[in-house]
Amino acid sequence: MSGDASTFYTARFLLPYYLVRAADNVLTCNVYRDGAQVSATSGTCTVYDSTGEQVATGATSTGTSPAYTLAAASVPDTLNLGNDWRVEFDLVIAGSNYRFKNKAHLVRSHLYPVITDVDLYRRQKQLD
């Protein structure tokens, strides 16, 4: 064991959030410690636009996948599409507060993969 008694938590953000205009967006923040997912007892989520202005804030759900639904009214069709948005989760884990930040983009619609794992396995047998 190292001499540092700190507890390290890591949020698993695979990509930036893609916030679709005029649609409800569910934002989640899965947190891990030593490879195991941990639970949050409470939390809040705050969304900021590209100028740093707060767009929305609210309580998250609790448990191993804290989530917040960004209402469609908070990101209307009149907003300009763009990068440099930010999402912050303030979560209470094991009695302490932790802040996790991720980038976000305001987009017209979700992108869906045009290729699946099965397609890759069919093309390159070594991947399977």
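Criteria and thresholds
Residues numbered from 1 in each chain as written. Predicted model: local features only at pLDDT ≥ 70, side-chain atom pairs only at ≥ 80, totals over all residues. Heavy atoms only, no water. Helix = DSSP H or I, 4+ residues; strand = E, 2+ residues; numbered from the N terminus. Rg over C-alpha atoms; globule rule 2.2 N^0.38 Å. Buried < 20%, exposed > 50% of the residue type's maximum accessible area, 1.4 Å probe, protein only. Contact = heavy atoms within 4.5 Å. Pairing = 2+ DSSP bridges. Phe/Tyr/Trp six-rings, centres within 6.5 Å; stacked < 30°, edge-to-face > 60°. Patch = residues over 30% accessible without salt bridge, like charges linked within 9 Å, V, L, I, M, F, W, Y side chains within 5 Å. Areas by Shrake-Rupley, 256 points an atom, 1.4 Å probe, with all protein chains shown as cover. Salt bridge = Lys/Arg side-chain N within 4 Å of Asp/Glu carboxyl O. Axes fitted to C-alpha atoms, helices over the stretch in contact; angles between N-to-C directions.

Visitor: Help me out: how do you make sense of the overall build of the protein chain in this one?
Guide: Check the secondary structure of the protein chain and you find one helix and ten strands. Reading the protein chain from its N end, one meets helices and strands in the order β-β-β-β-β-β-β-β-β-β-α. At 18 Å, the protein chain has a C-alpha radius of gyration far larger than the 14 Å of a compact globule built from 128 residues. Referenced to the eigenvectors of the C-alpha coordinate spread, the extents of the protein chain come out at roughly 50 × 50 × 25 Å. Scored against the burial criterion, the 128 residues of the protein chain give a buried share of 30%. Of the contacts made within the protein chain by residues no fewer than 6 positions apart, 59% connect residues no fewer than 24 positions apart.

Visitor: Whenever I open this one, unusual backbone geometry confuses me. Can you help?
Guide: Negative phi characterises most residues that are not glycine, and trans characterises most peptide bonds. Of note in the backbone geometry, Ala22 takes a positive phi value of approximately 55° without being a glycine. Note on placement: Ala22 falls in the loop between strand E2 (17–20) and strand E3 (25–28). Residue Ala22 is classed as partly exposed on the basis of its relative accessible area, which comes to 42%. For Asp84, which is not glycine, the phi dihedral falls at a positive 65°. Tracing the chain through its elements places Asp84 in strand E9 (residues 82–93).

Visitor: I tried to follow the sheet that holds strand E1 (residues 10–11) on my own but got confused; where do I start?
Guide: The strands that make up a sheet pair up through hydrogen bonds in the backbone, lying either parallel or antiparallel. Pairing in this open sheet of three strands is antiparallel, and the strands run E1-E4-E5 from one edge to the other. Since the sheet does not close on itself, it has two edges, and those belong to E1 and strand E5 (36–38), each with one partner. Of the pairings in the sheet, the one linking E1 to strand E4 (residues 31–33) comprises two bridges and is antiparallel in character. Opposite Thr10, over in E4, you have Tyr32 as the bridge partner.

Visitor: So what exactly am I meant to see when it comes to the packing of aromatic side chains here?
Guide: For any two aromatic rings, the description comes down to two numbers: the centre-to-centre distance and the angle of the planes. According to the stated counting rule, one finds two aromatic pairs in the structure shown. Note on Tyr9 and Tyr98: the rings are 4.8 Å apart at their centroids and 65° apart in plane angle, and the pair reads as edge-to-face. Separated by 89 residues along the polypeptide, Tyr9 in the segment before E1 and Tyr98 in strand E10 (residues 96–107) bring together distant segments of the chain. When its relative accessible area of 23% is taken as the criterion, Tyr98 is described as partly exposed.

Visitor: What is the right way to look at the environment of Thr41 in this model?
Guide: Tracing the chain through its elements places Thr41 in the loop between E5 and strand E6 (42–48). When its relative accessible area of 56% is taken as the criterion, Thr41 is described as exposed. Placed 53 residues apart in sequence, Thr41 and Ala94 show a C-alpha to C-alpha distance of 7.7 Å.

Visitor: Even after reading the chapter, I still don't get a nonpolar patch on the surface, so can you show me in this structure?
Guide: Residues Val114, Ile115, Leu120, Tyr121 and Leu127 make up a contiguous nonpolar surface patch of about 500 Å² in total accessible area. Among the structural elements, Tyr121 can be located in helix H1 (residues 117–123).

Visitor: In this structure, what is going on with the side chain of Thr60? I would like to understand it.
Guide: Secondary-structure assignment places Thr60 in the loop between strand E7 (54–59) and strand E8 (67–70). Classification of Thr60 by relative accessible area gives buried; the value is 11%. Excluding residues within four positions of it along the chain, Thr60 makes contact with Ser42, Gly43, Thr44, Cys45, Pro66, Ala67, Tyr68, Phe89 and Leu91.

Visitor: For this particular structure, what's the right way to read the sheet that holds E6?
Guide: Taken together, the five strands give an open sheet; going across it, the order is E2-E10-E9-E6-E7, and neighbouring strands pair in mixed fashion. Every other strand in the sheet has two partners, leaving E2 and E7 as the edge strands with one partner each. For this sheet the average axis-to-axis angle between neighbouring strands, irrespective of direction, equals 25°. When E6 meets E9, the two strands line up antiparallel, connected through seven bridges. Looking at the pairing, Val47 lines up with Val87 of E9.

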